[in-house]
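Inside the fold
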Amino acid sequence: MWYHRPALNEELLQSLPNLKVVASSGVGIDHLDLKLISSYGVKVSNTPFAVSTDTADMGMALLLASARRLVEGHEMAVSPDTEYFPADWLGVEVSGATLGILGMGTIGYKVAERAKAFEMKILYHNRNQRKKEEESAVGAVYCKKIDYLLQQSDFVLLAVTLTPQTHKLIGKRELELMKPTATLINISRGLVVDQDALVEALQNKVIKAAALDVTYPEPLPRDHPLLKLKNVIITPHIGSATKKTRWVMMEEMAESIEAGLAGLPVPREVL
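Residues numbered from 1 in each chain as written. Predicted model: local features only at pLDDT ≥ 70, side-chain atom pairs only at ≥ 80, totals over all residues. Heavy atoms only, no water.

Examining the packing of aromatic side chains
Our working rule: What counts as a ring pair is set by centres within 6.5 Å for rings of Phe, Tyr and Trp (its six-membered ring), and what kind of pair is set by the plane angle: stacked under 30 degrees, edge-to-face over 60, tilted for all other angles. Whether a residue is buried, partly exposed or exposed follows from its accessible area with a 1.4 Å probe, protein chains only, as a fraction of its type maximum: under 20%, in between, or over 50%, in that order.
One pass over the structure, following the stated rule, counts two aromatic pairs. Look at Trp-2 and Tyr-3: their rings are 6.2 Å apart centre to centre, the planes differ by 70°, and that puts the pair in the edge-to-face class. The partly exposed category is assigned to Trp-2, whose relative accessible area is 25%. For Tyr-3, a relative accessible area of 47% puts it in the partly exposed group.

In structure tokens, the structure reads:
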């Protein structure tokens, strides 16, 4: 499966009686009905580790681009109407700022490693607390509840898996807990954020900005209000979009398929 295609529904499963394994690209499995697939005796694999480095890079790229207003700056620099660069056109500092990471799995932890190099203070919330030595390595502080993280962070980065528990994890209440100077960065899934609440928060300056590699739907309708806001950066779900990573993803999918057809343990099987 690539970009969640083909749709793996009961009709397709019934039409493929000899199906052994489904290899899905990327880390997200929210598009898969695992119970249904398992009931047909079919195994599922994904490629979570192949995408982690590039997706973490994307998270930091969005953070930096939003903080330093790179998209707006580019537009100003190339505009035929620009006669001078205003001296009071300012971004915000990253060094010394507090980054709150929601979801400290492989990707979230790699973001923390990068943020440490930028001398950021790191808070994180996760289903399970990381080992003390892992926290110490990046200087991360665990927050059992997300409210404290939201209240204290200058940047809030979402790296959670989309599940029923994380669906619209960030809504009106959570956005209002954030600082009015804070930026929301989403590299997980669009449905982790209540987009209507986000639009309202950005329009009313409840938070300063948002940088999104994911939305719902993808792409957004061309008249969507998020596309009209200056304090938003949107990229086309390109967290894993590098030549090397896409090659590795294909190799890992092929490896899983070969193992499944041979009756061997499937690498990176989703259980």
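Observations regarding the pairing of strand β7 (residues 183-186)
Test applied: Under the scheme used here, helices are H or I runs from DSSP no shorter than 4 residues and strands are E runs no shorter than 2 residues, and both carry numbers assigned from the N terminus. Any two strands between which DSSP finds at least two bridges are classified as paired. When the strands point away from the viewer, a crossover counts as right-handed if the route from the first strand across the helix to the second turns clockwise.
Alternating positions in β7 separate into two faces, Thr-183 and Ile-185 on one and Leu-184 and Asn-186 on the other, with burial throughout. Where strand β6 (residues 155-158) lies against β7, four bridges are found, and the strand directions are parallel. Note that in β7 the partner of Leu-157 across the bridge is Ile-185. A crossover links β6 with its parallel partner β7, the connecting element being helix α8 (residues 172-177), and its sense is right-handed. Of the pairings in the sheet, the one linking β7 to strand β8 (residues 209-212) comprises four bridges and is parallel in character.

A few points about the pattern of salt bridges
Let me state the cut-off plainly: Counted as salt bridges are all cases of a side-chain nitrogen of Lys or Arg within 4 Å of a carboxyl oxygen of Asp or Glu.
Scanning the entire structure with this criterion turns up 13 salt bridges. Between Arg-173 and Asp-147 there is a salt bridge; the shortest N-O distance is 3.0 Å. With Arg-173 in helix α8 and Asp-147 in helix α7 (residues 146-152), this residue pair connects regions lying 26 residues apart in the sequence. Residue classification places Arg-173 among the partly exposed residues on the basis of a relative accessible area of 43%. Of the charged contacts in the structure, one is a salt bridge between Arg-268 and Glu-252, with a shortest N-O distance of 3.4 Å. Of this pair, Arg-268 sits in the segment after α10 (243-261) while Glu-252 sits in helix α10, and the two are 16 residues apart along the sequence. Its relative accessible area of 15% is what places Glu-252 among the buried residues. Residues joined by salt bridges that share partners form a network here, namely Asp-147, Arg-173 and Glu-174.

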